[in-house]
Amino acid sequence: MSEIHSFGNLPIIAHSWNKDRTQIAVSLGKNDVRIYQKVAGKWKLTHTLCEHLSRVLAIDWAPKTNQIVTASADYNAYVWTFENDIWKPQMVELQRTSRAVCCAKWSPEENKFAIGSSDKNVAVCYYEKDQRFWAAEMIKKKPKSTVTCIAWHPNNQLLAIGSCDYRCRIYSAFVKTVDEQARTSNWGKITNTGELLHEFQSESGWIHDVAFSPLGDNIAWVSHNSIIFAVTADNPSRITMEITSYLPFRCIIFMNESTIIVGGHEFSPLIYNYDQRNGTIDFLEKLDRQETSTGRQSIGRLFDQAAMQTQTPEPVSTHQSMITQIVPYQKENGNLKEIVIEAGQELRGDVDETLTVELRSGKAEIFGTELAIGQKYQFTSGMKFAIFTYWGCTVNIISPHEDYYVARDENPMHIYLNVHGMLEQLRQKAETEKTRGPRIMVTGLPDVGKSTVCRMLVNWAARLGRTPILVDLDVGQNQISIPGTIAAMVVRRPASVEEGFRIEMPLVFHYGYKTPGENIGLYNEIISSMAMYVNIRSENVEKSLISGVVVNTCGYIRQEGYESFKHVAKTFDVDIIIVLDSEWLSTKLTSDLPGVKVITLPKSGGVVPKDAAKDKFRENKIREYFYGPRNNICPHVFTIEFNEIKIYKIGAPQIPDSCLPAGMILKNPYNKILPIAASPALMHHVLAVSSSNDPEQLLAKNILGFVVVQQVDSEKRTLTLLSPQPNVKNKLLIVSDISFVDMK
Ligand SMILES: Nc1ncnc2c1ncn2[C@@H]1O[C@H](COP(=O)(O)OP(=O)(O)OP(=O)(O)O)[C@@H](O)[C@H]1O
């Protein structure tokens, strides 16, 4: 789809948009720059910038600082600042430039810009605050001919230029005065301004335009001989080129890391794909889908008398003449930002739509999982993350929103790391003394980061080759299994940044509710069963014994909840209790559990109550169970007869003794195993498939998996089930209070 904006009949030599695309600055090949503003859907000329004495060849409007740089054939460049409804010019001090200034571009951070000129000069310009003028640092190793184009690397410190000596060069554009420190780059070490890092030889065409990809890993340029060139930072010695049969190209941009758009004398923008791995550039499509190449025809017609005489009507094309420049109008993937995170700081994100993170240099981790350099991690709506760096790092973030920030507040990560250090010492001691490794329970009020601390502790342990057992007793938001269960697993490798733990052979017990308070007796009983299995595993596998156990709890601390904490501590025989952000709780636990070491830790400022998001989280967790973390699994839907399965409910309602038949005493109703008949009341409920064949053992045995009731046909006496398996592995099912409506 194309939109046409018209600014008269003269060719547009250069143009640049303001930040929100409501204004545009154009050069129509004269010595002025015209600024148009959209008023009631029409472009209205609002300002004319008159200071140049000759043709304006380049314009760049810095979106954030709202400054415009213009370059002209009058050998000058000006920076225009908008004050009191007037654009005020200030000349740039380009002392050694005595030919036309052909190109000018702001750096991504807009604290400097670069210009290129016909007398082979390239200058990086910045504002001298003390003396209040725009100074220029000239690049010494200059090209051997006119500098025609400039592109900035997203890291703000590398500059690519193309020139008429058929070469494309990458220079360091680090300027001491404005750049705090030199950044790392995958194109080589950045040092002083003008250091030449790469020189790429093109065939034999003047280079008209050059571009870096959004992440800066690739560079591409076009030359007058209709060739597209591209190089990737991973292999800078290999220049990929595509010799095309089109008319010469004048401009090039990257849409993403591999998609390139070129334009020029052909009238229509063309899309190509650059495959860095295979070293190929392949044509994809014409953006302006014309049947015939209008540029070729009109040029042909200039020399073709016969054609002129017959006066064939000019074919209609969106572009009626050469394409001089391509500028992104609306970015599909939001803005890319390079962010430097200082040592000990955390970058936190609460994702609105989608967000991509890439570690460019240094070391960093997300909740204890190390990030790999160059790998892109994607987060979707509602996800939270925190990138912590112990040594300092640089990351690229692509997000359509500003849904991330670098936290400057006091960060408890060092304290958490110290706890990990202490646990590791205990493991080493256990290893030498052939005893048991540490068993930790993490408690606290709701939403203080308990699950996150557990995740970090087991991730750090796994990174050292340990295999701790993670036990998650959080029935509302279990990290291992679906809501309404408690679960345990051996952690052999750190959790995936995007998908969490890789769940291999988890041990899962059915509970059936999202808070322990719904049936605290049942909750405590299944905790006892779980503890028994975990103890057996630890005692029988030496590595597990040494690596220890990390138990996550619910934030349920009412009277019975507190008693439940003590029950957990006793059944799992924990040595250390970590209490997050609650002096009251740690004091009480210290006095009630004298043999256990209680440590109080602060909560992270990044943890925020997620009440509204909890239901969404639960729904996502169940969806993930059936459809996979990336929606890449296709579950089964099948029908089963009522008599093929037996459904049970655990826990009878508490009935006052006065309501029971005389003499009858209802003992422990919380763990009563009640057979129930299949009925429409089961619709959308999760059913846990027990590993037991004996109904009496339903409480003591673990769960094999889950199904969801999608339909109940009382007439045909059938149930339609959503299931990860094509059948139900066992015939005894336990109904859960948790439901899932499959909207897919
Ligand atoms: N440092 C951090 N920066 C940003 N977000 C964080 C940080 N630590 C944790 N979070 C996020 O805060 C939310 C709450 O954390 P978490 O689930 O660990 O708390 P909890 O105490 O276990 O909650 P609950 O009581 O519901 O079990 C989660 O979405 C988690 O990803």
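Residues numbered from 1 in each chain as written. Predicted model: local features only at pLDDT ≥ 70, side-chain atom pairs only at ≥ 80, totals over all residues.

1. What about the environment of Asn186?
What counts here: Each helix is a run of H or I in the DSSP string that is no shorter than four residues. Each strand is a run of E no shorter than two, and both are numbered from the N terminus. The contact criterion used is a C-beta to C-beta distance within 7 Å, with each C-beta placed from the backbone.
Structurally, Asn186 can be placed in the loop between strand E15 (167–172) and strand E16 (196–201). Separated by 46 residues in the primary sequence, Asn186 and Thr232 have C-alpha atoms spaced 9.6 Å apart. Ignoring anything within four residues of it in the chain, the contact list for Asn186 reads Asp217 and Ala233.

2. Structural notes on helix H4 (residues 450–463)
Heads up, the condition is: The span you would expect from a helix comes to 1.5 Å times its residue count less one. Buried residues are those with 20 or more other C-beta atoms within 10 Å of their own C-beta, exposed residues have 12 or fewer, and partly exposed residues lie in between; C-beta atoms are placed from the backbone.
Helix length check: H4 (14 residues) gives 20 Å between terminal C-alpha atoms against 20 Å at 1.5 Å per residue, within 8%. With 13 of its 14 residues buried, H4 lies for the most part within the structure. At the exit of H4 stands Gly465, carrying a positive phi of roughly 90°.

3. With respect to the site of the ligand
Here is the rule we go by: The criterion for a residue being near a molecule or strand is simple: its C-beta atom, placed using the backbone, must lie within 6 Å of it. For the purposes of this description, domain bounds are those given by an automatic or database domain assignment.
Ala386, Ser451, Thr452, Gly555 and Gly606 are the nearest of the 20 residues found near the ligand. Elements represented by at least two residues in the shell around the ligand include exactly strand E26 (346–350), strand E31 (384–388) and H4. Considering every element that reaches the shell around the ligand, the biggest residue donor is H4, with three residues. Two domains each donate at least three residues to the shell around the ligand, and these are domain 2 (335–407) and domain 3 (413–615).

4. A few points about the environment of Ile577
Checked against the element boundaries, Ile577 lands in strand E39 (residues 576–580). With 25 C-beta atoms packed within 10 Å, Ile577 lands in the buried category. When sequence neighbours within four positions are dropped, the list of residues in contact with Ile577 reads Met441, Thr443, Ala569, Leu589, Val596 and Val598.

5. Here's the deal with the packing of helix H5 (residues 520–540) against helix H7 (residues 559–571)
This is how the line gets drawn: Axis geometry follows a simple rule: fit a line to the C-alpha atoms, using only the stretch in contact for helices, then measure angles between N-to-C directions, giving values from 0 to 180 degrees. Orientation is classified from the angle alone, with under 35 degrees giving roughly parallel, over 145 giving roughly antiparallel, 65 to 115 giving roughly perpendicular, and any other angle giving oblique. Under the convention adopted here, Pro, Cys and the residues Ala, Val, Leu, Ile, Met, Phe, Trp and Tyr are nonpolar, Asp, Glu, Lys and Arg are charged, and Gly plus all remaining residues are polar.
Between H5 and H7, the shortest axis-to-axis distance is 10 Å and the interhelical angle comes to 10°. Taken together, the axes of H5 and H7 lie roughly parallel to each other. Here Ile520, Tyr523, Asn524, Ile527, Ser528 and Ala531 of H5 lie close against H7, whose contacting residues are Glu560, Ser564, His567, Val568 and Thr571. Per-class residue counts for the contact of H5 with H7 are five nonpolar, five polar and one charged.

6. Here we look at H5
Along an α-helix, a turn takes 3.6 residues, which lines up residues three or four apart on a common side. Counted at 1.5 Å a residue, the expected span for H5 with its 21 residues is 30 Å, and the 30 Å between its end C-alpha atoms agrees. Every buried residue of H5 is accounted for by Leu522, Tyr523, Glu525, Ile526, Ile527, Met530, Ala531, Val534 and Ser538.

7. Quick notes on the pairing of strand E27 (residues 354–362)
Heads up, the condition is: By definition, two strands form a pair when at least two bridges between them are found by DSSP.
In the sheet, E27 pairs with strand E30 (residues 376–380) via five bridges, with the strands oriented antiparallel. By the bridge assignment for E30, Leu355 is matched with Phe379. With six bridges connecting them, E27 and strand E32 (residues 393–399) associate as antiparallel partners. Bridge pairing in E32 places Leu359 opposite Val395.

8. Details of the confidence of the model for the protein chain
Note the following rule: Per residue, pLDDT captures the predictor's confidence, and it can take any value from 0 to 100.
The predicted model of the protein chain has a mean per-residue pLDDT of 88, with 92% of residues at 70 or higher. This model gives residues 291–313 a pLDDT under 50, and the stretch forms 17 contacts once residues within four places in sequence are excluded. If you check the scores for this complex, the pTM reads 0.63 and the ipTM reads 0.97.

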